[in-house]
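# Structural description and commentary
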Amino acid sequence: MDLIHQLPDRLLFAIPKKGRLHEHCVSLLKGADINFHRYNRLDIALVKNLPIALVFLPAPDIAKFVGDGNVDLGITGQDMVEECQVTDKVDQIMELGFGCCKLQVQVPIKSGINHVEELVGKTIVTSFDVLAAKYFAELDQEYLTDEEKADGKKTKIEYVSGSVEAACALGLADGIIDLVETGETMKVAGLKAISTVLETQAILIRNKNPTNPSLVSKITSRIKGVIAAKKYVLLNYNISRDDLKEATKITPGRQAPTISPLENSNWVEVQSMVGKDDAAEVMDKLEEIGAKDIMLLKIDNCRV
Ligand SMILES: Nc1ncnc2c1ncn2[C@@H]1O[C@H](COP(=O)(O)OP(=O)(O)OP(=O)(O)O)[C@@H](O)[C@H]1O
Ligand SMILES: O=P(O)(O)OC[C@H]1O[C@H](OP(=O)(O)OP(=O)(O)O)[C@H](O)[C@@H]1O
Ligand SMILES: [Mg+2]
């Protein structure tokens, strides 16, 4: 296995090596027909059917490496792009709809603190020290007195690499800045959120000057297709021509529904893309106006 020597001609595409984003990314690649085999414990995998090498990296490194141009393309969190300060160096191609959470300022419920300005001058523990420092620098500017500023007083930002939620209970912090998805971790740790620094989700990013722009475009449109396919389903049903006008109002399609005549009858078959979240409601309405044989079909991939 001489992977390293096979890399120079390949586009490098970085994928989170573990954690929440990893499985989503693997299924996205599969949907985009990017086929690879990853050997156990190896963080590089050659794509079998395209000149691409996948590199499996921690999410923060992906933002940095794509920004610095070591890697052409990557999937990471929007929070990481901000935290690594590479917003000017990468193109944020598209939001991917997973890894959705909020970066929030949290305090112990028992602290009696309700507003973020009450933390000014105190100690904040976080894994997002760059974003935390920016956030509190503005608050310091607004809420510290001139005397305090002259004395060099600042909100203290301490970095920890994980288990941020334990910091207040351990007496290390007055508040924390951490990600919140379900709120379960925050609740169990006896914390509450008092403000949101940013909302984030997974994102596809590319370096501003990728090595092979046409391959980047090809991968991008394939991934766009997989993401779009997740948002839509295909509805297929039969309806009398008398009710067709009403039916096409219910299922106008993205451009227009496809209508095919049924042989020897006054009925037609209609096919139309429908938003996944609206599908049940749309089926109810079609049934109400007399549509028959209503079928909902999953879309594996599409270009819309
Ligand atoms: N609880 C969460 N819910 C949704 N997305 C999250 C959550 N935690 C982290 N993320 C997203 O995943 C990215 C990577 O986070 P991280 O490196 O902590 O990996 P992880 O998936 O949390 O795995 P682990 O912490 O177990 O290594 C974050 O920058 C954020 O965009
Ligand atoms: O709102 P919730 O659904 O509970 O998710 C939020 C938790 O998830 C992340 O931690 P993770 O599990 O990644 O552990 P870590 O602190 O080791 O990164 C984050 O840092 C929070 O602690
Ligand atoms: Mg984590």
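Quick caveat: nothing in here was measured; it's all calculated off a predicted structure. (Residues numbered from 1 in each chain as written. Chains lettered and ligands numbered in written order. Predicted model: local features only at pLDDT ≥ 70, side-chain atom pairs only at ≥ 80, totals over all residues. Heavy atoms only, no water.)

## A few points about the site of ligand 2
Looking at ligand 2, the residues that line it are R20, S163, E165, D178, L179, V180, E181, T182, G183, E184 and T185. Within the side chain of E165, a nitrogen or oxygen atom sits 3.5 Å from an oxygen atom of ligand 2. In the model, an oxygen atom of ligand 2 is placed 2.8 Å from a nitrogen or oxygen of the E181 main chain. Contact with the protein chains removes 68% of the 490 Å² of surface that ligand 2 exposes when unbound. In this structure, ligand 2 is accommodated by the largest pocket. Of the residues forming the shell around ligand 2, the biggest block, three residues, is contributed by strand β9 (residues 175-180). Classifying every residue of the shell around ligand 2 gives two nonpolar, four polar and five charged. (Near = heavy atom within 4 Å. Polar contact = N/O pair within 3.5 Å; in protein donor to acceptor, adjacent residues only side chain to side chain. Areas by Shrake-Rupley, 256 points an atom, 1.4 Å probe, with all protein chains shown as cover. 1 Å grid on protein atoms, 1.4 Å probe; cavity = no way out; pocket = protein on both sides within 12 Å on 5 of 7 lines; lining within 4 Å. Sits in = over half its atoms within 2 Å of the grid points. Helix = DSSP H or I, 4+ residues; strand = E, 2+ residues; numbered from the N terminus. Nonpolar A, V, L, I, M, F, W, Y, C, P; charged D, E, K, R; others polar.)

## Comments concerning the sheet that holds strand β4 (residues 73-77)
In spatial order, the strands read β2-β3-β1-β4-β11-β5; together these six strands make up an open sheet with mixed pairing. Each end of this open sheet is capped by a strand with a single partner; those strands are β2 (44-46) and β5 (90-95). The mean angle between the axes of side-by-side strands here comes to 25 degrees, regardless of whether they run parallel or antiparallel. In terms of strand pairing, strand β1 (residues 11-16) meets β4 through two bridges, oriented parallel. (Pairing = 2+ DSSP bridges. Axes fitted to C-alpha atoms, helices over the stretch in contact; angles between N-to-C directions.)

## Some thoughts on the domain arrangement of the protein
Each assigned domain of the protein is listed with its residue range as follows: domain 1 (3-99 + 201-211), domain 2 (101-199) and domain 3 (232-298). Relative to domain 3, the C-alpha centre of domain 2 lies at a distance of 52 Å. (Domains from an automatic or database assignment.)

## Things to note about the packing of aromatic side chains
Any pair of aromatic rings gets described here by the distance separating the centres and the angle formed by the planes. In total, this model carries two aromatic pairs according to the counting rule given. Ring plane angle 45 degrees and centroid distance 6.0 Å describe the contact between F36 and F56, whose orientation is recorded as tilted. In this pair, F36 is assigned in the loop between α2 (19-31) and β2 and F56 in strand β3 (residues 52-57), connecting sequence segments 20 residues apart. What makes F56 buried here is its relative accessible area of 1%. Ring centres of Y135 and F136 lie 5.6 Å apart, and the angle between their planes is 80 degrees; this geometry places the pair in the edge-to-face category. Accessibility expressed as a relative area gives 22% for Y135, which makes it partly exposed. You can call F136 buried: its relative accessible area is 1%. Its guanidinium or amino end placed over the ring of F56, R38 lies 4.0 Å from that ring's centre, counting from NZ or CZ. (Phe/Tyr/Trp six-rings, centres within 6.5 Å; stacked < 30°, edge-to-face > 60°. Buried < 20%, exposed > 50% of the residue type's maximum accessible area, 1.4 Å probe, protein only. Lys NZ or Arg CZ within 6 Å of the ring centre and 35° of its normal.)

## Observations regarding the confidence of the model for the protein
Taken residue by residue, the protein gives an average pLDDT of 95. The fraction at 70 or more is 99%. Scoring the predicted complex yields pTM 0.89 and, for the interface, ipTM 0.96. (pLDDT = per-residue confidence, 0-100.)

## Topic: the environment of P252
If you trace the backbone, P252 turns up in the loop between α9 (244-250) and β13 (258-261). On the basis of relative accessible area, P252 is assigned to the partly exposed category, the value being 43%. A C-alpha to C-alpha distance of 9.8 Å links P252 and Q271, two positions 19 residues apart in sequence. Setting aside anything within four residues of it in sequence, one finds P252 in contact with P257 and S272. (Contact = heavy atoms within 4.5 Å.)

## As for the pairing of strand β7 (residues 123-126)
Here β7 shows two buried faces, one formed by T123 and V125 and the other by I124 and T126. The sheet contact formed by β7 and strand β8 (residues 156-159) spans four bridges and is parallel. Bridge pairing in β8 links V125 to E158.

## Regarding the nonpolar core
Residues V81, V105, L119, F136, I177 and I194 are the most contacted members of the largest nonpolar core, which totals 36 residues. Shared between two domains, this core holds at least three residues of each, these being domain 1 (3-99 + 201-211) and domain 2 (101-199). Apart from residues lying up to four places away in sequence, V81 is in contact with A63, T76, V86, T87, V90, Q92, I203 and I205. Core analysis: the second largest hydrophobic core is formed by 28 residues, L29, A32, F98 and V216 among them. (Core = buried A, V, L, I, M, F, W, Y, C linked by side-chain atoms within 4.5 Å.)

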